[in-house]
Amino acid sequence: MTGRISGFKAEVTKVSPDVRFVHCIIHREHLTFRKIGCELNLIMNDVVSIVNIVKTRALNTRLFKILCEDMGSNHNTLLFHTDVRWLSRGKVLKRVIELSDELCIFLREIKPDLSALLSNEKWMCLASYLADVFDKVNELNVSPQGQSTNILVLTSKLQAFNKKLSSWLNAFNNGDTSMFTSLHDFLTVNELSLTTSVASVITEHMSSMLQFLYKYFPNLNINNEYNWIKTPFSTSLKYDHIPWAIKEQLIEIREDSTLESEFHEKELSKFWLRRQQEYPLISKAALLILIPFASTYLYKSNLETKPGLLVINSYLNQINPDLKDVQSEIKEVVGKQKSLINAMLKENEELSNLLNESEVQNMFSSIKHCYGQLVELKKKLMFLHKKTMTLEKRANVLRVAKQREALQREHQKESMLVREQELISKQS
């Protein structure tokens, strides 16, 4: 459906060849860290089983809460795990590690096999490592969720995480576990050292995360070719790879001291938007990189504040062609909606009033007004639909009644003919 040959991409590029398609960076991060290996996956399944025993029974939940309060724990409840929520694994694991002593006591009589796991050194080391590493992954997943993000910002965060992961692996191979706080605390408190089997599992997992990072972000280690967008005034900037027409405009921008002060005061996208009239080539090249949504978070958060953009097609699909008055009214509202959107796109190209916040707010208030009108028209459609259904039911009832009357009349005629024949036969 979204194919580049005959799908959605192909149709869009026919109309606008400069459109860029970006796979959601947050989703690619989730795919990168989803696979954790067989042994660590067994640890995760055991943690889920422990949580389910406590959380799925109301009595166990209350008893565990009382136990935690009596022991003076910082928490008195566990968290459910779900694969749908990307941040779930880290939070669930961290809470289980924090309440490991309480869980060991609580499960001793209910589930002694699970209680034994919480006393097993290897199991606790691997569970502590998982809690630490997914806590760091959660920080990475949360960082792209903001309004002022773009592809360059998110790519920089991924590059930083990639370097941190490589440094963690090197330090761990040298016997340093201080970057994983839960694992380090467990080993320190219990005066333990890592066994070879545990170290090999952790090393293998970190190596696989690096491999999946390269798989889903293949250009992550390549020198950033868009540094001229992020830091156009840097003295160490290299821009030999960009075309000469753009390079000349970049040199002019670099030599303008007033633009340098403006660059440090404004957001990156707004700075390049303001350069479109004076430096159109370099501004267009920069905006082609900055404008696309780097993640679905930006798309969904914007649509939540502008619901009028979502309802046109869904309501048009519900229109009954027989209801001509309502249909014409909806077409009129949709026409207003389209004209507003076209006006916004035109302003986006010309940048005449794009940064005028009051006009943008007026535009979206008009869209919300149209959305309200569409809601009212939908109610009218539902009412008329119910009315027509009621009339159709009544017509069906009348039709069936007429058919019954006709059948009864035919039956009466046939019975009268039979009686006449019987009388004639008796007389003869």
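Residues numbered from 1 in each chain as written. Predicted model: local features only at pLDDT ≥ 70, side-chain atom pairs only at ≥ 80, totals over all residues. Heavy atoms only, no water.

Quick word on unusual backbone geometry
Next, step 1: Unlike most non-glycine residues, glutamate 191 shows phi in positive territory, near 55°.
Next, step 2: On the secondary structure map, glutamate 191 appears in the loop between helix H10 (181–189) and helix H11 (196–216).
Next, step 3: The exposure class assigned to glutamate 191 is exposed, which follows from its relative accessible area of 72%. (Helix = DSSP H or I, 4+ residues; strand = E, 2+ residues; numbered from the N terminus. Buried < 20%, exposed > 50% of the residue type's maximum accessible area, 1.4 Å probe, protein only.)

So, the pattern of salt bridges
Next, step 1: Under the defined criterion, the tally for this structure stands at 4 salt bridges.
Next, step 2: Taking the shortest distance from any N to any O, the salt bridge between glutamate 98 and arginine 95 comes out at 4.0 Å. One end of the pair is glutamate 98 and the other is arginine 95, both in helix H5 (residues 88–98) and 3 residues apart, which spans about a single turn.
Next, step 3: We classify glutamate 98 as partly exposed; its relative accessible area is 40%. (Salt bridge = Lys/Arg side-chain N within 4 Å of Asp/Glu carboxyl O.)

A short note on the confidence of the model for the protein chain
Next, step 1: Summing up the model confidence of the protein chain, the mean pLDDT is 76 and the portion of residues at 70 or higher is 76%.
Next, step 2: In this model residues 304–324 is a low-confidence stretch, pLDDT under 50, and it forms 30 contacts with partners more than four residues away in sequence or in other chains.
Next, step 3: Here residues 350–355 scores under 50 on pLDDT; set against residues more than four positions off or in separate chains, the count is 12 contacts. (pLDDT = per-residue confidence, 0-100. Contact = heavy atoms within 4.5 Å.)

Digging into H11
Next, step 1: Look at H11: 30 Å from first C-alpha to last across 21 residues, which is about the 30 Å you get at 1.5 Å a residue.
Next, step 2: Taken as a whole, H11 has its buried residues at Val198, Val201, Ile202, His205, Met206, Ser208, Met209, Leu210, Phe212, Leu213 and Tyr216.
Next, step 3: Considering only its buried residues, H11 is in contact with helix H2 (25–32), helix H3 (38–55), helix H8 (121–142), helix H9 (151–173) and H10. (Expected span 1.5 Å × (residues − 1).)

Details of the side chain of serine 283
Next, step 1: Residue placement: serine 283 occurs in helix H16 (residues 280–290).
Next, step 2: The exposure class assigned to serine 283 is buried, which follows from its relative accessible area of 0%.
Next, step 3: In contact with serine 283, other than residues within four places in its own chain, are Trp272, Arg275 and Gln276.

As for the environment of valine 137
Next, step 1: Positionally, valine 137 belongs in helix H8.
Next, step 2: Judged by its relative accessible area of 4%, valine 137 falls in the buried class.
Next, step 3: Taking the C-alpha atoms as reference points, valine 137 and glutamate 29, 108 residues apart in sequence, are found 8.7 Å from one another.
Next, step 4: Filtering out sequence-adjacent residues up to four positions away, valine 137 remains in contact with Phe33 and Phe161.

Structural notes on the packing of H8 against H10
Next, step 1: Across the interface, H8 lies against H10 with an axial gap of 7 Å and an inter-helix angle of 150°. Relative to H10, H8 is oriented roughly antiparallel. For the pair formed by H8 and H10, the contact residues are Glu121, Met124, Cys125, Ser128, Tyr129 and Asp132 on the first element and Thr181, Ser182, Leu183, Phe186 and Leu187 on the second.
Next, step 2: Taken together, the residues that form the contact of H8 with H10 break down as 6 nonpolar, 3 polar and 2 charged. (Axes fitted to C-alpha atoms, helices over the stretch in contact; angles between N-to-C directions. Parallel < 35°, antiparallel > 145°, perpendicular 65-115°, else oblique. Nonpolar A, V, L, I, M, F, W, Y, C, P; charged D, E, K, R; others polar.)

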